[in-house]
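# Coordinate analysis (summary)
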Amino acid sequence: MTSVNAKPILSIVAPCYNEEESVSEFVRRAAAAARACAGSNFEIVLVDDGSKDGTWNLIESLSLVVPQIVGVRLLRNYGHQMAATAGLTTASGERVLLIDADLQDPPELVSDMMAVMDQGADVVYGRRIRRNGETWFKRMTAAAFYRMLSQLASVQIPQDTGDFRLMNRRITDILVAMPEQHRFIRGMVSWIGGRQVALDYERDARFAGVTKYPFLKMVRFAVDALTSFSTAPLRISTYVGMGTAMVALVMLVYSLFRWVSGATIEGWASLMVALTFFSAIQLIALGVIGEYLGRMVQQGKGRPSFIIDHVMRRETALGEGIVAPKKKTSTAARTRSKAY
Ligand code: UDP
Ligand code: MG
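Keep in mind that what you see is a predicted model, and the values were worked out from it rather than measured.

## Comments concerning the nonpolar core
- Core analysis: the largest hydrophobic core is formed by 40 residues, its most contacted members being Leu74, Leu149, Leu175 and Phe184.
- No other element matches the five residues that helix 3 (residues 80–90) contributes to this core.
- Filtering out sequence-adjacent residues up to four positions away, Leu74 remains in contact with Val47, Asp48, Asp49, Gly50, Ala83, Ala86, Phe306, Ile307, Ile308 and Asp309.
- Val27, Ala33, Ile69 and Met312 belong to the second largest nonpolar core, which has 36 residues in total.

And the structure:
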């Protein structure tokens with residue numbers, strides 16, 4: 001029997017935000033998939049990203065049935081990428097699978113991913129050949145976003161991939177040690193390099209509930225991705241500035257001509273157009289610069305990216321099966337408030 005201190009062969013990390021309807025089914029399928037390739041020597045790290053529903057209670061009670069569960073509770077909602085990072089810092093397995101808890105990505109794919117990794121890959125990432133159950137709008141914006149990102153990003157980030165991926169310990173350690181605060185995990189993993197192999201799969205509809213990525217969160221995610229991996233927007237504003245300077249020159253010549261011919265008062269309309277046009281361009285350029293500056297200020301503060309309230313781990317040996325709980329606290333080893 002493996003002791004709890006031995007490194008698990010596989011860690012499955014899943015961020016959960018208000019996922020009480022999906023978590024049980026997720027644990028059932030993830031545990032079965034993990035068992036198929038790691039026996040009982042695995043762990044399932046469930047990160048509760050400040051859920052407002054019964055997700056945490058469910059994680060606690062599920063851990064009584066599945067001793068491989070490690071529950072990580074964050075102090076508030078820090079967002080998907082932070083919750084995933086919190087899970088990665090906690091995971092101790094030799095290989096780590098990052099997956100959403102809503103069962104859009106099939107946990108069963110892990111055995112194929114493990115097989116590809118056995119051939120020497122450092123990262124095996126899922127590539128979505130089809131996305132079921134997502135709105136036309138979501139698919140369109142996602143496709144446009146990935147294409148734009150691949151044009152602008154300073155590293156090649158594979159298209160149509162999410163964070164669903166298996167990483168080896170080395171890549172996981174490097175990823176966790178990267179100090180940036182605005183984290184775009186799939187980009188950061190691409191940046192690290194090594195042998196990264198795609199595995200095609202069909203993305204299912206959510207098992208239950210609705211997306212936790214409403215439109216504004218999606219926009220913020222896209223801005224994070226772009227500004228973390230490209231300085232092209234800064235350059236674009238310079239180009240746009242140069243372009244409009246040309247237009248301004250033409251306008252100047254035109255205005256002088258009008259002035260000389262004594263018809264200046266008529267220029268009010270064109271003046272207003274030019275004024276609003278240039279003001280808009282300037283504000284956009286300032287906004288872009290501000291976006292990068294804001295990131296520097298945040299990074300400069302050096303605040304932790306998230307705070308772990310506590311980690312709940314069964315003290316029983318892995319693979320011992322179901323152990324009846326005595327008291328709630330006796331079944332869990334708790335580490336309080338850790339900042340990262
Ligand atoms: N999630 C999270 N924190 C958040 C938003 C989402 O931990 O603030 C989790 C969520 O529970 C899910 C995963 O991140 O397991 C992906 O979110 P979702 O399925 O809502 O995104 P979508 O698949 O619609 O892009
Ligand atoms: Mg989802």
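## A short note on the coordination of the magnesium ion (ligand 2)
- Around the magnesium ion (ligand 2), the protein contributes the donor atoms Asp102 (OD) and Gln104 (OE1), at 1.9 Å from the metal centre. An identical accessibility class is assigned to Asp102 and Gln104; each is buried.

## Some points on the confidence of the model for the chain
- Residue-level pLDDT values for the chain average 86, and 89% of them are 70 or greater.
- Overall, residues 316–335 carries pLDDT values under 50, and its contacts beyond four positions in sequence, including any with other chains, amount to 44 contacts.

## Some words on helix 1 (residues 23–38)
- Compared with an ideal rise of 1.5 Å per residue, which puts 16 residues at 22 Å, helix 1 spans 21 Å between its outermost C-alpha atoms and is within 8% of the ideal.
- Inspection of helix 1 places Val23, Glu25, Phe26, Val27, Arg29, Ala30, Ala31, Ala33, Ala34 and Ala38 among the buried residues, and these make up the whole buried set.
- The positive-phi residue at the C-terminal boundary of helix 1 is Gly39, with phi of around 60 degrees.

## Quick look at the environment of Leu152
- Considering the arrangement of structural elements, one finds Leu152 in helix 5 (residues 136–152).
- The exposure class assigned to Leu152 is partly exposed, which follows from its relative accessible area of 25%.
- With 75 residues separating them along the chain, Leu152 and Thr227 place their C-alpha atoms 9.9 Å apart.
- The contacts of Leu152, once residues within four sequence positions are left out, are Leu226, Phe229, Ser230 and Ala232.

## Overview of the packing of aromatic side chains
- Evaluation of the coordinates by the stated rule reveals seven aromatic pairs.
- Seen from their ring centres, Phe137 and Phe215 are 5.6 Å apart, and the 50 degrees between their planes marks the pair as tilted. Here Phe215 lies in helix 8 (residues 215–229) and Phe137 lies in helix 5, a separation of 78 residues in the sequence.
- Given a relative accessible area of 42%, Phe137 falls into the partly exposed group.
- Ring geometry for Phe145 against Phe221: centres 6.5 Å apart, planes inclined by 45 degrees, an arrangement best described as tilted. Within this pair, whereas Phe145 is found in helix 5, its partner Phe221 is found in helix 8, the two being separated by 76 residues in sequence. With respect to class, Phe145 is no different from Phe221; both count as buried.

## A short note on the site of ligand 1
- Looking at ligand 1, there are 20 residues lining it, with Glu19, Asp49, Asp102, Thr211 and Lys212 nearest.
- The backbone of Pro15 places a nitrogen or oxygen atom 2.8 Å from an oxygen atom of ligand 1.
- Here an oxygen atom of ligand 1 and a side-chain polar atom of Arg206 are 2.9 Å apart.
- Here ligand 1 has 530 Å² of accessible area as a free molecule, and 96% of this is covered by the chains.
- Every element with two or more residues in the shell around ligand 1 is listed here: strand 1 (10–16) and helix 3.

## Looking at the pairing of strand 1
- Of all seven residues that make up strand 1, seven are buried, and the element is covered over most of its length.
- Judged by which residues are buried, strand 1 turns out to be covered on both faces: Leu10, Ile12, Ala14 and Cys16 on one side and Ser11, Val13 and Pro15 on the other are all buried.
- Note that strand 1 and strand 2 (residues 42–48) share seven bridges and pair parallel. Within strand 2, the residue paired with Leu10 across the bridge is Phe42.
- Remark: the strand 1/helix 1/strand 2 crossover connection has right-handed handedness.
- In the sheet, strand 1 pairs with strand 4 (residues 95–98) via four bridges, with the strands oriented parallel. Bridge assignment links Ile12 to a residue of strand 4, and that residue is Leu97.

Cut-offs and rules
Residues numbered from 1 in each chain as written. Chains lettered and ligands numbered in written order. Predicted model: local features only at pLDDT ≥ 70, side-chain atom pairs only at ≥ 80, totals over all residues. Heavy atoms only, no water. Core = buried A, V, L, I, M, F, W, Y, C linked by side-chain atoms within 4.5 Å. Buried < 20%, exposed > 50% of the residue type's maximum accessible area, 1.4 Å probe, protein only. Helix = DSSP H or I, 4+ residues; strand = E, 2+ residues; numbered from the N terminus. Contact = heavy atoms within 4.5 Å. Donors = N, O, S within 2.8 Å, 3.2 Å for Na, K, Ca; no water. pLDDT = per-residue confidence, 0-100. Expected span 1.5 Å × (residues − 1). Phe/Tyr/Trp six-rings, centres within 6.5 Å; stacked < 30°, edge-to-face > 60°. Near = heavy atom within 4 Å. Polar contact = N/O pair within 3.5 Å; in protein donor to acceptor, adjacent residues only side chain to side chain. Areas by Shrake-Rupley, 256 points an atom, 1.4 Å probe, with all protein chains shown as cover. Pairing = 2+ DSSP bridges. Right-handed = clockwise from strand over helix to strand, strands pointing away.

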